[in-house]
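Remarks on the overall topology
Now for the letters of each chain:
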Amino acid sequence: MIKTLAGRCPRCGEGGLYAGYLKLAPGCTSCGLSYEKLDQGDGPAVFVILIAGFLVCGLALWVEVTWSPPYWVHLALWVPLTLALTLGLLRPLKSVMVAQQYRMRAEEGRLEEP
């Protein structure tokens, strides 16, 4: 799991997981594992929104109640923090989702006809 957080293959921990910032590579260059079935959808984004929203909103409310700064201070504080949190958390959380899908052998759902 730790190597997957660093963007490595969930099976061997050696090959790269990503071809870009968030785009999965077609497969592992070391062990040959195909990443085609590993689809996370919007799962990582939901967790990022919940985590970053909780932190930024909580801190913004605390700063407002404690010091009552002008609005430009809020803008200067929370926009960069929101960007840093969302961009910083998205890739590791996507890696965790990929690792969990591989570990649990998750596949696309199928309907069976009687």
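A brief report on the enclosed structure follows. (Residues numbered from 1 in each chain as written. Predicted model: local features only at pLDDT ≥ 70, side-chain atom pairs only at ≥ 80, totals over all residues. Heavy atoms only, no water.)

1. Section: helix α2 (residues 43-67)
As a reminder of what qualifies: Helix and strand assignments follow DSSP, with helices taken as H or I runs no shorter than four residues and strands as E runs no shorter than two, numbered in order from the N terminus. To estimate the expected span of a helix, count its residues, drop one, and scale the result by 1.5 Å. Using a 1.4 Å probe on the protein chains alone, a residue whose accessible area is under 20% of its type maximum counts as buried, one over 50% counts as exposed, and one in between counts as partly exposed. Any two residues whose heavy atoms approach within 4.5 Å at even a single point are treated as in contact.
For α2, with 25 residues, the first-to-last C-alpha span of 36 Å sits near the 36 Å given by 1.5 Å per residue. Restricting attention to buried positions, one finds in α2 the residues Gly 43, Pro 44, Val 48, Ala 52, Val 56, Ala 60 and Val 63. Buried residues in α2 make contact with α3 (71-103). Ser 68 sits one or two residues past α2 and shows a positive phi near 50°.

2. A closer look at unusual backbone geometry
One non-glycine residue, Ser 68, lies in the positive phi region at around 50°. Even without a glycine there, the phi angle at Arg 105 is positive, about 55°. Inspection of the secondary structure assignment puts Arg 105 in the segment after α3. For Arg 105, a relative accessible area of 71% translates into the label exposed.

3. Description of α3
As a reminder of what qualifies: We define the bend at any residue as the angle between the axes fitted to the seven residues before and including it, ending there, and the seven starting there.
When the terminal C-alpha atoms of α3 are compared, their 46 Å separation across 33 residues agrees well with the 48 Å that a helix rising 1.5 Å per residue should span. The largest bend along α3 reaches roughly 30° and is located at Leu 90, with the proline Pro 92 sitting one to four residues downstream. For α3, every residue scored as buried is listed here: Val 73, His 74, Trp 78, Leu 85, Lys 94, Ser 95, Val 98, Ala 99 and Gln 101. Where α3 is buried, its residues touch α1 (2-5) and α2.

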